[in-house]
Amino acid sequence: MEDVMTIGQWLRSPRARRWGTDGDDRPMPKKRVAPWDQQTRKLTARAVRRERIRQWALKAQLEDVLVQRLVRVDDRPLEERFKEQADKWQRETQHLSSPLQRMLHASYQAILGMAAERKQDVIRLMLRDLQSNKRDWTLTLSYLTQANPVSAKDYGRTDKLIDAWLSWGREQKII
Amino acid sequence: MIVFRSAAEARNQLHQEIPNLVTANWRLKSPLDTGYQCIAWAASRTDRVWWPWDHPRFYWPPGFPKFQLLAPVPVSSFVEMFEQRFGYRKCQSNAFEFGFQKVAIYANDLGVTHMARQHFWGRGWLSKLGEEEDILHLKLADIQGDPSPNAGQYGEVAQILKRSWWTAIVRLCLFRSSWAAFKFWVYRRVIPWDLK
């Protein structure tokens, strides 16, 4: 019975510490690599690099296809795209009071993207939309034009703001 | 710009925008008006759009801190303004208390999104839904929604404030809100406006 050990006792025993070694504490010698093995390793590394380049080329081709498709979608006239996004923006954010929430909407960002491409055209479209639909473009207009045609006493008054911006548009001969 | 759209049309759109309203008990109180929003309506005003951003698009009472454009607005800035200008105090309960008027501030992960004002006689809560109509809903939860920033919802109630009726009278808020309510009542009676 004395020869029988529990697992805990065995793990604490010197025999367990020597487990996996050859009975001594010297470190195992490094494995020598044969010259032909080194050549194989180089070839493998080259193959891996080639595979990576092939994958990168495939990805680039796929991106080209996607960009072509996007360009095809955005091929419509700016006015049409603007109207579509403006309608969607109004429909989906009209109930929100926080201007930050309204400006985070994807359609608003899309319109800002259009403005980055063709700023003057988007300003003209916004002023026309302000005139016909009274949609609130005053924040974007002030950002794009860096102008402030509103007098301090009219801050926050939607009708006065719209009138001021339309007057500004006429003065600048945009509308 | 004021638009008298039919109740059915308004209901269709509001149900899509605020899903909780589908099962809630609510009704239209005013026409669609782009001239003011919920914060102004909580302050009993119907002539300007209130928001603490430093931009001509918005009005914010002088003397209170304004934030840069696109900055999220914390609940504390609204609490400070409503406490100092309109005599409100923080409170815990949203239940009607005789002699007191309450407002609720809604917020999501990015800050304040909406405010609702309790009906003077406690018949529910008055909410101006952005540029859309002013509605009377029974519970604050009726317009609550997803608090994530891109959800397009009001999030949850973050703070309740209350003040006495006497404070509302002294600060002319009762007069202003009664005048607006009278105007809406005239609209409902005089203008051929489909409210069924």
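Note: the structure precedes this text.
A brief structural summary. In this text, all values refer to a predicted model and were calculated from it rather than measured experimentally. Residue numbers restart at each chain and count upward from 1, following the sequence in its written direction. Following the order in which they are written, the chains are lettered starting with A and the ligands numbered starting with 1. A pLDDT threshold of at least 70 governs which residues receive local features in this predicted model, and a stricter bar of 80 or more applies before side-chain atom pairs are shown or counted, although totals over entire chains, interfaces and linings include all residues. Side-chain numbers here rest on the full set of heavy atoms in the structure, without hydrogens or water.

All names here are of chain A. Every axis in this analysis is a line fitted to C-alpha atoms, fitted for helices over the stretch in contact. Angles between the N-to-C directions lie between 0 and 180 degrees. The helix and strand labels rest on DSSP assignments: H or I over at least four residues marks a helix, E over at least two residues marks a strand, and numbering proceeds from the N terminus. Relative orientation of the contacting elements helix α6 (residues 106-117) and helix α7 (residues 119-133) amounts to 130°, with a least axis distance of 5 Å. In terms of orientation, α6 and α7 fall into the oblique class. Residue-level contacts link Ile111, Met114, Ala115 and Glu117 of α6 to Lys119, Val122 and Met126 of α7. In this classification, the charged set is Asp, Glu, Lys and Arg, the nonpolar set is Ala, Val, Leu, Ile, Met, Phe, Trp, Tyr, Cys and Pro, and all remaining amino acids, among them Gly, are polar. Here the contact of α6 with α7 is composed, by residue class, of 5 nonpolar, no polar and 2 charged. In what follows, roughly perpendicular refers to angles from 65 to 115 degrees, roughly parallel to angles under 35, roughly antiparallel to angles over 145, and oblique to any angle outside these ranges. What makes two residues a contact is simply this: any of their non-hydrogen atoms within 4.5 Å.

Residue and element names in this part refer to chain A. What counts as a salt bridge is simple: a side-chain nitrogen of Lys or Arg found within 4 Å of a carboxyl oxygen of Asp or Glu. This structure, assessed with the given rule, holds 17 salt bridges over all chains. With a closest N to O distance of 2.9 Å, Asp87 and Lys83 form a salt bridge. Of this pair, Asp87 and Lys83 both sit in helix α4 (residues 78-93), 4 residues apart, which is roughly one turn of the helix. Only protein chains enter the accessibility calculation, which uses a 1.4 Å probe. A residue is then buried if its area is under 20% of the maximum for its type, exposed if over 50%, and partly exposed in between. Residue Asp87 is classed as partly exposed on the basis of its relative accessible area of 25%. Linking Asp129 and Arg135 is a salt bridge whose minimum nitrogen-to-oxygen distance equals 2.7 Å.

A separate point is the environment of Ile105 of chain B. All names here are of chain B. Here Ile105 shows up in strand β5 (residues 100-108). Along the sequence, Ile105 and Thr167 sit 62 residues apart, while their C-alpha atoms lie 19 Å from each other. For Ile105, the contacting residues outside a window of four places in its chain are Val75, Phe78, Val79, Val112, His114, Met115, Glu156, Val157, Ala158, Gln159 and Leu161.

For any pair of aromatic rings, the description consists of the separation of the ring centres together with the inter-plane angle of the planes. All names here are of chain B. Note on aromatic pairs: the rings of Phe, Tyr and Trp (six-membered ring only in Trp) are paired at centre separations within 6.5 Å, and the planes decide the class, stacked below 30 degrees, edge-to-face beyond 60, tilted for the rest. Overall, the coordinates contain 23 aromatic pairs over all chains when judged by the stated rule. Aromatic pair Phe82 and Tyr88: ring centres 5.9 Å apart, planes at 55°, arrangement tilted. Taking the relative accessible area as the measure of exposure, Phe82 reaches 0% and is therefore buried. According to the relative accessible area criterion, Tyr88 is buried, its value standing at 1%. Relative to Trp165, the ring of Trp121 lies with its centre 5.3 Å away and its plane at 80°, an arrangement referred to as edge-to-face. On the criterion of sequence distance, the pair formed by Trp121 in the loop between β6 (111-118) and β7 (125-128) and Trp165 in helix α4 (residues 165-170) is long-range, its members being 44 residues apart.

Residues and elements named next belong to chain A. The geometry of α4 relative to α6 is characterised by a closest axis approach of 8 Å and an angle of 155° between their N-to-C directions. Regarding the angle of α4 to α6, the classification is roughly antiparallel. Where α4 crosses over α6, the handedness of that crossing is left-handed. When α4 is examined against α6, the residues Leu78, Arg81, Phe82, Gln85, Ala86, Lys88 and Trp89 are found in contact with a partner set consisting of Ser107, Tyr108, Ala110, Ile111, Met114 and Glu117. By residue class, the composition of the contact of α4 with α6 is 8 nonpolar, 2 polar and 3 charged. By definition, turning the near helix anticlockwise from the far helix through less than a right angle yields a left-handed crossing, and turning it clockwise yields a right-handed one.

On to helix α3 (residues 75-86) of chain B. All names here are of chain B. Compared with an ideal rise of 1.5 Å per residue, which puts 12 residues at 16 Å, α3 spans 16 Å between its outermost C-alpha atoms and is within 8% of the ideal. Restricting attention to buried positions, one finds in α3 the residues Val75, Ser77, Phe78, Val79, Met81, Phe82 and Phe86. Phi turns positive, to about 75°, at Gly87, one or two residues after α3. Multiplying 1.5 Å by the residue count of a helix minus one yields the expected span of that helix.

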